[in-house]
Amino acid sequence: MLELCHLRILSALQETGSLSLAAKRVHLTQSALSHQIKALQHYYQIPLIQRQGHAIQLTDAGERLVLLAEKIIKEVQAAERDLARIAQRTSGNLRIALECHTCFDWLMPIMDTFRKHWPEVELDLVSGFHADPIKLLKREETDIIIGSENKPQRGIVHHPLFRFEILAVLAPGHELAKKRTLEATDFADMTLITYPVPEERIDLISKILKPAGISWQRRTAELTVAILQLVASRRGIAALPNWGIKNYVDHDYVIARSIGTNGLWSDLFVSTRKETASMPYLQDFLVTSRDQCFATLDGIIPLSGCENKVSPKDGSKRCREPG
């Protein structure tokens, strides 16, 4: 009765505490996930989950199966890597280009883990700012793009990573700190401190300020820590991912506020060429990235849509592109 998919479901429930988020994490509908849980509980005659308000918690029985899942899933992943080695599909290059500046912090540990799993694969970062990173993929100058691009393009596969909230970052005691949520008008004539990228690549500007006709001034800095230092010294305000500023907010170096009633959210994808999307080491990079991000980054949620499964024959997607 107990299958690998059940273990993945229980692990997702433990990580998210939500039926809907767990369903997205394992790429099922919520009703399908609930059916799987009910079948397991019926078979073992013991509850595996319990509701606490809107949240879901695992029972002792559910926690026991999660302990099993932690061992089994890692063993399965290791076995799949070994099978790829036996099939002699373990060497190659994996060049990574980043559209997301703040991704460096969580990408470095993932790269270290990947190197241990795939020592035969040459792993490298493509440095510099790229105005059109997808062109790098098409020209075979990189193998992976990590960014927000997910427009359908011939020969390109976009693998969803996660959704995250972009927060306004202010100095403690800033005049806007008394507000729980900032609106477009709050940014009028403010100095925005951003990375040195085009305005259309900055969500706060392209999605909030320009549509509202708000004027602002802009100052740029290359590094996240430099942006935060400028914010803390009252040189301006910034808008950064929730997971990129958590430590600074926790230590009261800066404060953060949501932008808009429903927050300002962005999606992150890994983009690859179709012909390389099914390579075992690339698939394992995606799995490792998702696992470590959901284990270590606060405030991220799963994206609906296609899992990183592709046809081994032609690399085409088996499910629809995420919206």
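These remarks concern the structure in this document. Predicted model only: the values in this text are computed from it and were never measured. Residue numbering note: each chain is counted from 1, following its sequence as written. Thresholds applied to this predicted model are a pLDDT of at least 70 for local features of residues and 80 or more for the giving and counting of side-chain atom pairs; totals over whole chains, interfaces and linings are not thresholded and use all residues. Side-chain figures throughout are based on the complete set of non-hydrogen atoms in the structure, without hydrogens or water.

Examining the overall build of the protein chain
Put simply, the rule is: Counting from the N terminus, the helices are the DSSP runs of H or I reaching at least four residues and the strands are the DSSP runs of E reaching at least two. We take the radius of gyration over the C-alpha atoms and set the globule estimate at 2.2 Å times the residue count to the 0.38 power. For every residue, the accessible area (1.4 Å probe, protein chains only) is compared with the maximum for its type, and the residue is labelled buried under 20%, exposed over 50%, or partly exposed between those bounds.
What the protein chain contains, in helices and strands, is 10 helices and 12 strands. Taken over the C-alpha trace, the protein chain has a radius of gyration of 21 Å; the compact-globule value for 323 residues is 20 Å, and the two agree within 12%. Overall, the C-alpha framework of the protein chain stretches about 60 × 50 × 30 Å when taken along its three principal axes. Looking at the protein chain as a whole, 46% of its 323 residues are labelled buried.

Let's talk about the packing of helix α1 (residues 4-16) against helix α3 (residues 30-44)
What counts is decided by this rule: Every axis in this analysis is a line fitted to C-alpha atoms, fitted for helices over the stretch in contact. Angles between the N-to-C directions lie between 0 and 180 degrees. Here the angle decides the label: under 35 degrees means roughly parallel, over 145 means roughly antiparallel, 65 to 115 means roughly perpendicular, and every other value means oblique. Any pair of residues with heavy atoms lying within 4.5 Å of one another is described as a contacting pair. Under the convention adopted here, Pro, Cys and the residues Ala, Val, Leu, Ile, Met, Phe, Trp and Tyr are nonpolar, Asp, Glu, Lys and Arg are charged, and Gly plus all remaining residues are polar.
Between α1 and α3, the least distance of the axes is 11 Å, while the angle of their chain directions is 110 degrees. The angle between α1 and α3 falls in the class roughly perpendicular. Across from His 6, Ile 9, Leu 10 and Leu 13 in α1, the residues of α3 making contact are Leu 33, Gln 36, Ile 37 and Leu 40. Per-class residue counts for the contact of α1 with α3 are six nonpolar, two polar and no charged.

Overview of the pairing of strand β12 (residues 264-273)
Under the convention used in this document: Between any two strands, pairing holds if DSSP finds at least two bridges.
Buried residues dominate β12, accounting for nine of its 10 residues. In terms of strand pairing, strand β5 (residues 144-147) meets β12 through three bridges, oriented antiparallel. Within β12, the residue paired with Ile 146 across the bridge is Val 270. Strand direction decides the pairing type here: strand β6 (residues 156-170) and β12, joined by 10 bridges, are antiparallel. The partner of Glu 165 across the bridge, within β12, is Trp 265.

Here we look at the nonpolar core
The following threshold applies: To qualify as a nonpolar core, a set must consist of buried Ala, Val, Leu, Ile, Met, Phe, Trp, Tyr and Cys residues joined through side-chain atoms within 4.5 Å.
Ranked by internal contacts, the top residues of the largest apolar core, which has 63 residues, are Leu 94, Trp 106, Ile 146, Phe 162, Phe 187, Trp 243 and Leu 268. Counting 18 residues, the second largest nonpolar core, distinct from the first, contains Ile 9, Leu 40, Ile 49 and Leu 65.

Things to note about the pattern of salt bridges
Our working rule: Definition used for salt bridges: Asp or Glu carboxyl oxygen within 4 Å of a side-chain nitrogen of Lys or Arg.
For the structure on display, the rule yields 14 salt bridges. In this structure, Arg 163 engages Asp 267 in a salt bridge whose closest nitrogen and oxygen atoms are separated by 2.5 Å. Here Arg 163, found in strand β6, pairs with Asp 267, found in strand β12; they are 104 residues apart in sequence, far enough to count as distant. Among the residues examined, Arg 163 registers a relative accessible area of 27% and is labelled partly exposed. A residue is classified by how much of its surface remains accessible, and Asp 267, at 15% relative accessible area, is buried. A salt bridge links Glu 275 to Arg 273; its shortest N-O distance comes to 3.5 Å. Overall, the relative accessible area of 7% leaves Arg 273 in the buried class. Linked through salt bridges whose partners overlap, the residues forming this network are Arg 95, Asp 143, Arg 273 and Glu 275.

Thoughts on the side chain of His 174
Note that His 174 resides in the loop between β6 and β7 (181-182). Using a relative accessible area of 12% as the deciding quantity, one classes His 174 as buried. The contacts of His 174, once residues within four sequence positions are left out, are Met 190, Arg 234 and Ile 237.

Quick notes on the environment of Pro 47
Summarising the element assignment, Pro 47 is placed in the loop between α3 and β1 (49-52). Here Pro 47 falls in the partly exposed class, since its relative accessible area comes to 47%. Sequence-wise, Pro 47 and Gly 213 are 166 residues apart; in three dimensions their C-alpha atoms are separated by 54 Å. Excluding anything up to four places from it in sequence, Pro 47 contacts Gln 41, Thr 59 and Ala 61.

Examining the packing of helix α5 (residues 104-117) against helix α10 (residues 280-296)
Heads up, the condition is: Helix crossings fall into two classes, left-handed where the near helix is turned counterclockwise from the far one by less than a right angle and right-handed where it is turned clockwise.
Remark: α5 packs on α10, axes separated minimally by 10 Å, with the N-to-C direction vectors making an angle of 135 degrees. Between α5 and α10, the angle is such that the two are oblique. Where α5 crosses over α10, the handedness of that crossing is right-handed. Across the interface between the two elements, Trp 106, Leu 107, Pro 109, Ile 110, Thr 113, Phe 114 and His 117 from α5 touch Tyr 281, Asp 284, Phe 285, Thr 288, Ser 289, Gln 292 and Cys 293 from α10. Looking at the contact of α5 with α10, its residues break down into eight nonpolar, five polar and one charged.

In short, shape yes, function no, at least from these values alone.
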